[in-house]
Each structure stands twice: as structure tokens, then as C-alpha cells.
Amino acid sequence: MDKAGTAARTNLGILFLVASNGLTAVVDAIAKLMTAGMHPMLIVWGYFLGIGVLLAGYAVVKRIPLARLATTRHRPLQMVRSALLVGTISFLFLGLAYMPLADAFAITFMAPLFITILAGPILGERVAVHRVGAVVAGLIGVITQTGQYMAAIRLAVPGIFGA
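Since the model is a prediction, treat every value here as computed from it, not as a measurement. (Residues numbered from 1 in each chain as written. Predicted model: local features only at pLDDT ≥ 70, side-chain atom pairs only at ≥ 80, totals over all residues. Heavy atoms only, no water.)

## A few points about the layout of surface pockets
By rolling a water-sized probe across the atoms, one finds the places where empty space is left.
Reasoning step 1: One number sums up the size of the largest pocket: a volume of about 1900 Å³.
Reasoning step 2: Lining the largest pocket are 44 residues; nearest its centre among them are R81, L84, L85, T88 and I89.
Reasoning step 3: Only α1 (3-34), α2 (40-61), α4 (75-98), α5 (101-107) and α6 (111-123) provide two or more residues apiece to the lining of the largest pocket.
Reasoning step 4: Among the elements that take part in the lining of the largest pocket, α4 stands out by supplying 15 residues, more than any other.
Reasoning step 5: For the lining of the largest pocket, a count of residues per class yields 31 nonpolar, 10 polar and 3 charged.
Reasoning step 6: There is about 260 Å³ of room inside the second largest pocket.
Reasoning step 7: In terms of lining residues, the second largest pocket is bounded by 14 residues, among which V27, I43, G46, Y47 and G50 are the most central.
Reasoning step 8: Of all the elements in the fold, those that place two or more residues in the lining of the second largest pocket are α1 and α2.
Reasoning step 9: Of the residues assigned to the lining of the second largest pocket, the class counts are 12 nonpolar, 2 polar and no charged. (1 Å grid on protein atoms, 1.4 Å probe; cavity = no way out; pocket = protein on both sides within 12 Å on 5 of 7 lines; lining within 4 Å. Points joined across faces, edges and corners; volume = space filled by probe spheres on them. Helix = DSSP H or I, 4+ residues; strand = E, 2+ residues; numbered from the N terminus. Nonpolar A, V, L, I, M, F, W, Y, C, P; charged D, E, K, R; others polar.)

Structure representation (C-alpha cells):
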């Protein structure tokens, strides 16, 4: 692929990721509203039911056999990935029930820290020093944004562990 094609694909990827982040914020806001009158795990159930219905509908429209959607050469890895996604969404929606949306969303900016830490061991990627610096700067921002909760955690932890 030539440079223009690579740049176009990169720009398209950026567009998709920006759209994804925007849609994630909308999903989180809706989930936060729903936690006022519904248990977060019921919201998680509805989330995944909706995904299943949309995926099945897509398969019907595109005439893709449903069995083909479940075909993979990496079944154990897909199962682990699915379980991690269920855990992620469950913890997210549970957290939204207890915190203001803006603070919960600020905490999600810790994701680059975890991604950077795991990039080497899982993907075999080298992480440059300047990227680690950027992640640390972002982590400082998260701590600044959520400082009131961090203070509460420092007070609660000794009581939880009986210190």
C-alpha cells in the first residue's frame, strides 16, 4: 500500500476511534441514568442482550449463517476475551451506580496505563520512554480529577483490612 493509502486508512482508524469514544460516553451516560431505578447487573444483561439481537439481525440481513459467527480458530482466547468484556462492563456499570459520571469517566483514562504496562508482555511491543511519560502525566491528571475519592479510599482501606 502506498503512503497516501496508508494515511487514508490511518485517518479512517482515527475517525472510528473518536466515534467509539463518543458513543462510549453516551452509553455510560445512559447507564448512569438507568442505575437510578434499576440494578446495574440488569443493565449489563440488557446491554449484552441488545448486542446479541443486533448481531443476529445483522447476520440475517447479510445472510450469514449464525454458526459462522461463532467459528474461530482461537476459541479459548475468544472465551477469555468475552469473559473479560463481561467483567469490564459489569464493573463499569456497578461503578457508575456509586460515582458521578464525570469522575467515573476520568478514572477510565487509566486505561492507557494498563495498556502500556501490558504491551510488552502480551504483545511483545517495545514501549518508548516518552510514551511512559505521557501515561504518567495522564495518571497525574486522573489523580487530580478524582482526588476526593482517593482520599476516601486512603481512609477506608485500613478499616477494611483491620489495621
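## Things to note about a nonpolar patch on the surface
Reasoning step 1: Together, V26, I30, M34, M38, L42, W45, L49 and V53 make up an exposed nonpolar region whose accessible area comes to about 730 Å².
Reasoning step 2: Counting residues per element, the ones that place at least two in the nonpolar patch are α1 and α2.
Reasoning step 3: At 4 residues, α2 tops the list of elements feeding residues into the nonpolar patch.
Reasoning step 4: Tracing the backbone through its elements, the reader meets M38 in the loop between α1 and α2. (Patch = residues over 30% accessible without salt bridge, like charges linked within 9 Å, V, L, I, M, F, W, Y side chains within 5 Å. Areas by Shrake-Rupley, 256 points an atom, 1.4 Å probe, with all protein chains shown as cover. Salt bridge = Lys/Arg side-chain N within 4 Å of Asp/Glu carboxyl O.)

## Observations regarding the packing of α2 against α4
Reasoning step 1: It is the contact of α2 with α4, at a shortest axis distance of 9 Å, that shows an interaxial angle of 140°. Viewed along their axes, α2 and α4 adopt a mutual orientation that is oblique. Considering how the two elements wind past one another, α2 and α4 form a crossing that is right-handed. Contacts from P40, M41, I43, V44, Y47 and F48 in α2 reach L85, V86, I89, S90, F93, L94 and A97 in α4.
Reasoning step 2: Considered class by class, the residues forming the contact of α2 with α4 number 12 nonpolar, 1 polar and no charged. (Axes fitted to C-alpha atoms, helices over the stretch in contact; angles between N-to-C directions. Parallel < 35°, antiparallel > 145°, perpendicular 65-115°, else oblique. Left-handed = near helix turned anticlockwise from the far one by under 90°. Contact = heavy atoms within 4.5 Å.)

## Considerations on the nonpolar core
Reasoning step 1: With 8 residues, the main nonpolar core is built from A31, I43, V44, I89, F93, L96, M99 and A104.
Reasoning step 2: Breaking this core down by element, the ones donating at least two residues are α2 and α4.
Reasoning step 3: Excluding its chain neighbours within four sequence positions, the residues that come into contact with I89 are V44, Y47 and F48. (Core = buried A, V, L, I, M, F, W, Y, C linked by side-chain atoms within 4.5 Å. Buried < 20%, exposed > 50% of the residue type's maximum accessible area, 1.4 Å probe, protein only.)

## Quick look at the confidence of the model for the protein chain
Reasoning step 1: Overall, the predicted model of the protein chain reaches an average pLDDT of 83, with 88% of residues at or above 70.
Reasoning step 2: By mean pLDDT, the top-scoring element of the protein chain is α2 (95), and the lowest-scoring one is helix α8 (residues 147-160) (54). (pLDDT = per-residue confidence, 0-100.)

## Remarks on the packing of aromatic side chains
The relative placement of two aromatic rings is captured by the distance of their centres and the angle of their planes.
Reasoning step 1: By the definition in use, this model includes 2 aromatic pairs.
Reasoning step 2: Taken together, a centroid distance of 5.0 Å and an interplanar angle of 85° make the contact between Y47 and F48 edge-to-face.
Reasoning step 3: You can call Y47 partly exposed: its relative accessible area is 28%.
Reasoning step 4: Ring geometry for Y47 versus F93: centroids 5.7 Å apart, planes at 90°, classification edge-to-face. Of this pair, Y47 sits in helix α2 while F93 is found in helix α4, placing the two residues 46 residues apart along the sequence.
Reasoning step 5: The rings of Y47, F48 and F93 are connected pair by pair, giving a single aromatic cluster. (Phe/Tyr/Trp six-rings, centres within 6.5 Å; stacked < 30°, edge-to-face > 60°.)

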